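As a plain string of letters, each chain reads:
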Amino acid sequence: MEATLATIVATASPLVYAAIGETITEKAGVVNLSLEGTMRLAAMTGFAVSIATHSALLGFLAAMGVGALIATIVAFASIELRLNQIAVGFVLTLLAIELSSFLGDPYVGRRGAGVPSMPIPLLSEIPFLGGVLFEHNLSVYGSYLVILGAYLFIFKSRRGLEMQGVGERPEAAFARGIPVNRLRYLYTIVGGALAGIGGAAFSLYVQLGWREGLTAKNYGWIALAIVIFGGWNPIRVAFGAYLFGVLQWAALQLQPVFPSEAQILALLPFPLMIFALVLVFLSSRQDLAGRHPVLRRFLSAEPPSALGTAFHRE
Amino acid sequence: MNGRGWAARTAAILVPIALAFAVAIVLLQLGGAPPLEALGLLWDGSVGSGAKVADTLAAWVPLTLAAAGLVVTFAAGLWNIGIEGQIVAGAIAATWVAREAPGPTPVLIPLMLLAGVIGGTLWALLAGVLKTRGGVNEIFGGLGLDFVASGLVIYLIIGPWKRAGIASTSGTDLFRNEAWLPTAGVNNVPAIAIGLTVAAVILVYLLMRGTRFGLRMKAVGRNARSAHLMGIPTERYTLGAFALCGGLAGLAGAIQVSSAFHKLVPSVSGGYGFLGILVVLLAAFRAAWIAPIALFFAAVAVGSTQLSLRLNLDSSLGGVLQGVLVLLVILAGGWQARRSRRARVDPTSREEP
């Protein structure tokens, strides 16, 4: 049990980074649809840089750079050019996937050092919880900080309130002297950099190595779905990421039972997670809400009002 | 004034093409390959011989069918990311007919193509109902159904439809000869498939241009709320767009199994659905531009497979080229719109001619 939960916590950490990053981006009113491409190109770049420099840290930094760069293009296209964010994000997705295949070709099958495990003294001694949460590497610990930090920032800080204003009612925020578009740039780039960490987390420890067309595949799409599932709340988003980890673990357990369907079982968590969005939608409807207030509180989700729209003062 | 507008529009197309090739040349240099030789291979590998032209046309068919369908869903304001699954669903339905139905080619082939259309339509309607009744954005509903379709095709290939004796993911047994779509000439040009594709493009063009159905579809896409207030049944139009696109995607899937592979394979969609989205974006959603742009994309895709054979380069260079091109064209379009906005708002900022 303890080992199982520890594995789930570690394997879900890339999704935590990506989904929280996207939450930050979308809270500011921008959709960065390119996560699937961002994560795969970042995974390739992180792995390649870590091999070239023998440093996992530099690998992570390079991956953050890739994520930030793609996010900058998304922000520029949506803020300066007022282009459709979905269109730009989709094109960047395909482009980044192809780039990761082309540039990553020499790194297929290479061995990497990975990220060393680093149990936290004292905390890892705690019975049960210590083994589950505190016998991992720095990147996994970082994912806890990102969840907590994003939650406190968005809901408990002044800057976070400003950011919500930018995503909900940009005109009102602007009237109060908040630099709407500058903040949108900032949070889109921060979100992209976090997605970059998520990508590198795959190639540097979750699925150590680079296999084109396999490493980090489909996780970017799932991260986008988890943001909706989590109702743009970092705690619930993190819950969604861990739930996906549980689904994947369960699918793995079923493989010995249905050995010939192993490949299909591995695919199963992806549609399940997406169709869970139906639940979120139904529970946010009035009739159900009246009967199950607890369910509603947990599942309802309202996107930021100005999500995906460009802001400009006339 | 008009001359400048025309020049600017031409530049907005030519500059991105030149830049995309420049990016490809830089990437080839980075990959340690001779750029000019590689671009030459791209040319030879796509249109260099009769056989290569036939290959390019074989790729053009599913790509164009997908793009033609996507013109309809885009007009209705829908991002039909589920198109990959719709191609797969059509391929599965056509394979089922090929395995089960008796009869000679003139009976079997129409049945297979029809089954493909129906399979793709039903699969697309699932995404449509998920959107209109389940509140799931079509991007995510479509993705989820893409996953299900790819799981289903693998299940069929290693399960009920596995090859005699061995369960392998390489595909089912080859269809019997009656289920092969007839081709023309020594190079096996898929003439029937091309004819169907041309008909589909014309159909979509006329539908979107001259019919009440097309106009109302566009109204729903522009502003669903006001379309609803005008008395247009928006849900029916949303589902109609999904059904049309799914039908064409399913036809593409049926053609893939009966003409390109002669069996069902896991990667039967070939990524043509997603590539079709790029084609439609580059065509600025206009049906008339689909065919030539898809031809260019098909040539790049087929040509770039030569790179991996001859220069040991990853064939994804073609995809990079396509992606950079579409991105640059979209950005250039946004840039021009921005300049004309600025010129309107502040007349003094307009450059002197």
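Thresholds, definitions, all that
Residues numbered from 1 in each chain as written. Chains lettered and ligands numbered in written order. Predicted model: local features only at pLDDT ≥ 70, side-chain atom pairs only at ≥ 80, totals over all residues. Helix = DSSP H or I, 4+ residues; strand = E, 2+ residues; numbered from the N terminus. Buried ≥ 20, exposed ≤ 12 C-beta atoms within 10 Å, placed from the backbone. Contact = placed C-beta atoms within 7 Å. Rg over C-alpha atoms; globule rule 2.2 N^0.38 Å. Axes fitted to C-alpha atoms, helices over the stretch in contact; angles between N-to-C directions. Parallel < 35°, antiparallel > 145°, perpendicular 65-115°, else oblique. Left-handed = near helix turned anticlockwise from the far one by under 90°. Nonpolar A, V, L, I, M, F, W, Y, C, P; charged D, E, K, R; others polar. pLDDT = per-residue confidence, 0-100.

Caption draft 1: Fine view of the overall build of chain A. Counting its regular elements, chain A contains 15 helices and zero strands. Burial status across chain A gives 51% buried among its 314 residues. Contacts spanning at least 24 positions in sequence make up 75% of the contacts within chain A whose residues lie at least 6 apart.

Caption draft 2: Expanded view of the overall build of chain B. A tally of helices and strands in chain B yields 13 helices and zero strands. Going from the N terminus to the C terminus, chain B shows its helices and strands as α-α-α-α-α-α-α-α-α-α-α-α-α. Taken over C-alpha atoms, the radius of gyration comes to 22 Å for chain B, in line with the 20 Å a tight globule of 353 residues would show. Dimensions along the principal axes, computed over C-alpha positions, put chain B at roughly 75 × 60 × 35 Å.

Caption draft 3: Expanded view of the packing of helix H3 (residues 50–75) of chain B against helix H12 (residues 287–310) of chain B. All names here are of chain B. Two numbers describe how H3 lies on H12: the axes approach to 8 Å, and their chain directions differ by 140°. Accordingly, the angle class assigned to the pair H3 and H12 is oblique. By crossing handedness, the relation of H3 to H12 is classed as right-handed. For the pair formed by H3 and H12, the contact residues are Lys52, Asp55, Thr56, Ala59, Trp60, Leu63, Thr64, Ala67, Ala68 and Val71 on the first element and Ala287, Ile290, Ala291, Ala294, Leu295, Phe297, Ala298, Ala299, Ala301 and Val302 on the second. Tallied by class, residues from the contact of H3 with H12 come to 16 nonpolar, two polar and two charged.

Caption draft 4: Structural context of the interface of chain A and chain B. Contacts between the two partners involve 33 residues from chain A, matched on the other side by 34 residues from chain B. Every element with two or more residues in the side of chain A that touches chain B is listed here: helix H4 (85–104), helix H10 (219–229), helix H12 (262–267) and helix H13 (269–283) of chain A. In terms of residues, the side of chain A that touches chain B owes the most to one element, H4(A), which gives twelve residues. Residues belonging to the side of chain A that touches chain B are distributed by class as follows: 25 nonpolar, three polar and five charged.

Caption draft 5: Focus on the packing of helix H3 (residues 56–79) of chain A against helix H9 (residues 180–206) of chain A. Residue and element names in this part refer to chain A. Contact geometry for H3 and H9: axes closest at 6 Å, N-to-C directions at 140°. Once H3 is placed against H9, the crossing between them reads as right-handed. Taken together, the residues of the contact of H3 with H9 sort by class into 18 nonpolar, nine polar and one charged.

Caption draft 6: Highlighting H10(A). Within H10(A), eleven of the eleven residues are buried, leaving the element largely enclosed by the surrounding structure. When we look at burial in H10(A), the residues that qualify are A:Tyr219, A:Gly220, A:Trp221, A:Ile222, A:Ala223, A:Leu224, A:Ala225, A:Ile226, A:Val227, A:Ile228 and A:Phe229. Buried residues along H10(A) sit in contact with helix H1 (2–27), helix H2 (35–53), helix H11 (234–254) and H13 of chain A together with helix H6 (138–158) of chain B. One or two steps after H10(A), the chain reaches A:Gly231, where phi turns positive at roughly 55°.

Caption draft 7: Up close: unusual backbone geometry. A positive phi angle, near 65°, is found at A:Ala216, a position not held by glycine. Along the chain, A:Ala216 turns up in the loop between H9 and H10. With 27 C-beta atoms packed within 10 Å, A:Ala216 lands in the buried category. Despite not being glycine, B:His262 shows a phi value in the positive range, around 60°. Following the sequence through the fold, B:His262 ends up in the loop between helix H10 (234–261) and helix H11 (272–282).

Caption draft 8: Looking closely at the environment of A:Arg82. Mapped onto the secondary structure, A:Arg82 falls in the loop between H3 and H4. Taking the C-alpha atoms as reference points, A:Arg82 and A:Ile8, 74 residues apart in sequence, are found 40 Å from one another. Setting aside anything within four residues of it in sequence, one finds A:Arg82 in contact with A:Ala310 and B:Gly334.

Caption draft 9: Fine view of the confidence of the model for chain A. Mean pLDDT over chain A works out to 90, with 94% of the residues at or above the 70 mark. By mean pLDDT, the top-scoring element of chain A is H3(A) (97), and the lowest-scoring one is helix H14 (residues 286–291) of chain A (56).

Caption draft 10: Just the confidence of the model for chain B, in detail. Residue and element names in this part refer to chain B. Here chain B averages 89 in pLDDT, while 95% of its residues score no lower than 70. Looking over chain B, one finds the lowest element-wise mean pLDDT in helix H1 (residues 2–30), namely 78, and the highest in helix H4 (residues 83–100), namely 97. Between residues 349–353, whose pLDDT stays under 50, and residues either more than four places distant or in other chains, the model counts three contacts. Among the scores for the predicted complex, ipTM is 0.91 and pTM is 0.93.

Caption draft 11: Region of interest: the environment of B:Glu178. Residues and elements named next belong to chain B. By secondary structure assignment, the location of Glu178 is in the loop between H6 and helix H7 (191–210). In this structure, the C-alpha to C-alpha distance between Glu178 and Pro104, residues 74 residues apart in sequence, is 5.6 Å. Look past the residues within four positions of Glu178 in its chain and what remains in contact with it is Pro104, Thr105 and Leu108.

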